[in-house]
Amino acid sequence: MGALAATDAWRFQFHPEVWLMVTAIVGLGFYVVRVVAPAAGPVGAAAVTGRQRLCFVAGVALLWVSADWPMHDIAEEYLYSVHMVQHLLISFVVPPLLLMAVPEWLARLIVVDGSRAASVIRRLVHPLVAGVAFNALQALMHWNTVVELSVRSGPFHYAMHLLMFASALAMWTPVVGPLRELHLSEPMKMVYLFTMSIIPTVPAAWLTFAEGAVYPVYDHAQRLFGISVAADQQAAGAVMKVLGGLYLWTLIAIRFFRFSAAQRHADLEERRRRLEANTLTTADVEAEFERLGPPPHEPTL
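Residues numbered from 1 in each chain as written. Predicted model: local features only at pLDDT ≥ 70, side-chain atom pairs only at ≥ 80, totals over all residues. Heavy atoms only, no water.

Engineer: When you look at the overall build of the protein in this model, what are you seeing that I'm missing?
Structural biologist: Along its length, the protein carries 14 helices and 0 strands. When the elements of the protein are put in sequence order from the N terminus, they spell out α-α-α-α-α-α-α-α-α-α-α-α-α-α. Taking 301 residues into account, the globule formula puts the C-alpha radius of gyration at 19 Å, and the protein, at 28 Å, lies well above it. The long-range share in the protein, meaning contacts at least 24 apart out of those at least 6 apart in sequence, stands at 78%. Taken as a whole, the protein presents about 17,600 Å² of accessible surface, with 69% of it coming from carbon and sulfur. Where the 21 positive side-chain charges of the protein centre and where its 23 negative ones centre are 3 Å apart. (Helix = DSSP H or I, 4+ residues; strand = E, 2+ residues; numbered from the N terminus. Rg over C-alpha atoms; globule rule 2.2 N^0.38 Å. Contact = heavy atoms within 4.5 Å. Areas by Shrake-Rupley, 256 points an atom, 1.4 Å probe, with all protein chains shown as cover. Lys, Arg positive; Asp, Glu negative; His and termini not counted. Charge placed at Lys NZ, Arg CZ, Asp CG, Glu CD.)

Engineer: Is there a simple way to think about the side chain of Q138 in this case?
Structural biologist: As for its placement among the helices and strands, Q138 is situated in helix α8 (residues 127–140). Of the residues examined, Q138 reaches a relative accessible area of 9% and is grouped as buried. Contacts of Q138, omitting those with residues within four sequence positions, involve S91 and M164. (Buried < 20%, exposed > 50% of the residue type's maximum accessible area, 1.4 Å probe, protein only.)

Engineer: Even after reading the chapter, I still don't get the environment of A37, so can you show me in this structure?
Structural biologist: Examined against the element boundaries, A37 turns out to sit in helix α2 (residues 16–40). A relative accessible area of 9% means that A37 is categorised as buried. In this structure the C-alpha to C-alpha distance between A37 and M171, which are 134 residues apart in sequence, comes to 27 Å. With residues up to four places along the chain from it excluded, the contact list for A37 reads V32, A47 and W105.

Geometry only, nothing functional implied.
Written out as structure tokens, the structure is:
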């Protein structure tokens, strides 16, 4: 049975909708660089930086990996833990990469100030709205009925992933979005990311310590790689709690150290400026004496 399951799992399955999606994203990227940037990009500066290109390539590549064979098929038909790896990539890794790939000038072309679309987008990416919607959807994705529908219906599975991806884009915008005015302050970004790590720990603990199969749809006779239902559930909980939490906490730590370094640098610059302002040079003293002129003669007795 194990050999049969492995053979079925690794049989190539073509997903034209995924290839079409990736082709469209890549085509859009080339169109922006080749057509839009020369006409509407900044004058005298690079329209797209090397860092933005790297983020775009990494984001599209990971999106393809998470949505296509074999990860999608193993996640949908065999292992819930792989399903959780999918969710981790789609919600925590790919969205911030793609947001960091968008140049500010391009974002301002899309989100035109004063337009109705801009007003709607700004409301959707508000930290409170985006954070609540993202976490509510994360909780919904672990509901047994939703999990069963995701496994039994490919279109429903892709639709839920698309909804998750859209909510993740909104959630990450206050942290790494291309428009700075939509960002939280650095301390609030750290608090915000910490709150995003709390909700996933609830279903993670539930999966880790549950007795029996939490999701019957994954409890089938053919066990890929011989992984039991209980081990698969525990691995899924570990992906959510350990990998997801560690990923967000690492980002928080990086931001904390960068913020602390920037604060120290600003303090040193302020001290240097004050020291320079309060320091008198020999030239300053001589200039002051020259301004005052010679001292008055004292009368003699």
